Protein chains: 2
Amino acid sequence: MIRKPPSPHRPRALAPIPRVAGLDYDVLDELLGYSLRRAQVALFLAFHEATRGMEITPPRFTALVVIGANPDISQSTLGEVLGIARSGAMLLTDWMVARGLVERRRRPDDRRAWGLHLTRRGERFVARMKRRVRAADARRAAALNARELRELLRLLAKLAG
Amino acid sequence: MIRKPPSPHRPRALAPIPRVAGLDYDVLDELLGYSLRRAQVALFLAFHEATRGMEITPPRFTALVVIGANPDISQSTLGEVLGIARSGAMLLTDWMVARGLVERRRRPDDRRAWGLHLTRRGERFVARMKRRVRAADARRAAALNARELRELLRLLAKLAG
DNA sequence: TATTGTTATACTCTATAACTATA
DNA sequence: TATAGTTATAGAGTATAACAATA
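All values derive from a computational prediction rather than experimental measurement.

## Digging into the packing of helix α3 (residues 75-82) of chain B against helix α4 (residues 86-98) of chain B
Residue and element names in this part refer to chain B. For the pair α3 and α4, interaxial distance at closest approach is 8 Å and the crossing angle is 105°. Taken together, the axis directions place α3 and α4 in an arrangement best described as roughly perpendicular. On α4, the residues touching Q75, S76, L78, G79 and L82 of α3 are R86, A89, M90, L92, T93 and M96.

Here you go:
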């Protein structure tokens, strides 16, 4: 059995969750968790399309935005923001450094920790990504009017809190 | 370097996404996608707690509910509902069968496909899970009043559509 | 030819645990 | 002792590709 080698960089496919015609969804349609999941997948697909070819994922986007807005943040704090372990934050940082988007600077006061900073290239990259992601997010949000969108954000914040 | 062997069944940890004090979240707080993600993680944690010790995950829960409400469904259709590949639907089905929750029945009309059915044990298991998940979902939803909850579900459906 | 299920394999993300250097 | 970063390793989840049986 001979198999083609898979392409080296396969982006996570994550299909949309289709509403299968004629299927009984039973309790799922009453669960907030399931409704949130469906909406989130829709937003993720918009994100994915907006960043096509940039090798970006939501955690990478979040990391770059957070570093941009909080220069000199440590890897541990970055992991905390993302809700991942330190080891994962390190691999993520390695990725950003390898692409020349971020640099690690030694802290004079605490030589255990790195301070993370966007490079010039990183700044430009983040600015471009932000524009695209914002636009994609807004296009999806256009299914709602301004009042509805404000209300939705308010209710989501209450839920997450 | 001697390492302890990890426990055989390690449940996915998925930490809550903490709001780190004093951190600038920049554009993230304006993005619907990020707000949805935070709310969804909160709901997932409630789900996880409600099903502790049952080895259940959201896809497994969805699969069992869907099979219960749509007996004789095929593995391919199940995969479609979940948004995963056929091969994944098969592994998921193997898991349910191995635990005696589901059985595969040959279809007289199409001998390629299996029809999936809950066993007696599966029926009881799903009923118990549904009660727990519903209760956990409702506890989280209690952060909202009845009108807000209805409105939220409506807006989420609009977004996902 | 097309579809269902299957097998084999690979890859991403993330975890835990132990190690190192600093504090 | 405690913490930041690092390294090594493991596992869950899901993908693609090829195959056999059936339509």
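## A few points about the confidence of the model for chain A
Chain-level pLDDT for chain A is 91 on average; 90% of the residues reach the 70-or-more range. Of the regions scoring below 50 in pLDDT, residues 1-13 of chain A engages in 3 contacts with residues more than four places distant in sequence or in other chains.

## Things to note about helix α6 (residues 146-160) of chain A
Over its 15 residues, α6(A) extends 21 Å from the first C-alpha to the last, a length consistent with the 21 Å expected when each residue adds 1.5 Å. Among the residues making up α6(A), those that are buried are A:E148, A:E151, A:L152, A:L155, A:L156 and A:L159. The arc that holds the buried residues of α6(A), viewed along the axis, is 135°, so those residues lie on one side. With respect to the buried face of α6(A), the exposed residues turned more than 90 degrees away are A:A146, A:R150 and A:A157. The elements touched by buried residues of α6(A) are α1 (32-50) of chain A together with α1 (32-50), α5 (120-141) and α6 (146-160) of chain B. Two or three places before A:R147, at the opening of α6(A), A:N145 has a side-chain oxygen 3.0 Å from that residue's backbone nitrogen.

## A look at the interface of chain A and chain B
Of the residues lining the interface, 56 residues belong to chain A; the matching set on chain B comes to 56 residues. In total, about 5,100 Å² of surface goes out of reach between chain A and chain B, with carbon and sulfur atoms giving 68% of it. The largest contributions to the chain A side of the interface with chain B come from A:L32, A:Q40 and A:L159, which together make up 11% of the buried area. Put simply, chain A and chain B have 10 salt bridges between them. Between A:R134 and B:E30 there is a salt bridge, and its shortest N-O distance comes to 2.6 Å. Elements with a minimum of two residues in the side of chain A that touches chain B: α1, α2 (58-69), α3 (75-82), α5 (120-141) and α6 of chain A.

## A closer look at the pairing of strand β2 (residues 114-118) of chain B
All names here are of chain B. For β2, a buried count of 4 out of 5 residues is recorded, marking the element as mostly surrounded by other parts of the structure. Pairing analysis gives 5 bridges linking strand β1 (residues 102-106) to β2, with the strands arranged antiparallel. Following the sheet pairing, E103 is matched in β2 by H117.

## A few points about the packing of aromatic side chains
Here the structure, examined in full by the defined rule, presents 6 aromatic pairs over all chains. Note on B:Y25 and B:Y34: the rings are 6.5 Å apart at their centroids and 45° apart in plane angle, and the pair reads as tilted. Owing to a relative accessible area of 10%, B:Y34 belongs among the buried residues under this scheme. Each member of the aromatic cluster is reached from another via a ring pair, and the members are A:F44, A:F47 and A:F61.

The rules behind these values
- Residues numbered from 1 in each chain as written.
- Chains lettered and ligands numbered in written order.
- Predicted model: local features only at pLDDT ≥ 70, side-chain atom pairs only at ≥ 80, totals over all residues.
- Heavy atoms only, no water.
- Axes fitted to C-alpha atoms, helices over the stretch in contact; angles between N-to-C directions.
- Helix = DSSP H or I, 4+ residues; strand = E, 2+ residues; numbered from the N terminus.
- Parallel < 35°, antiparallel > 145°, perpendicular 65-115°, else oblique.
- Contact = heavy atoms within 4.5 Å.
- pLDDT = per-residue confidence, 0-100.
- Expected span 1.5 Å × (residues − 1).
- Buried < 20%, exposed > 50% of the residue type's maximum accessible area, 1.4 Å probe, protein only.
- Arc of directions from axis to C-beta.
- Polar contact = N/O pair within 3.5 Å; in protein donor to acceptor, adjacent residues only side chain to side chain.
- Buried area = accessible area lost by both parts, 1.4 Å probe.
- Salt bridge = Lys/Arg side-chain N within 4 Å of Asp/Glu carboxyl O.
- Pairing = 2+ DSSP bridges.
- Phe/Tyr/Trp six-rings, centres within 6.5 Å; stacked < 30°, edge-to-face > 60°.

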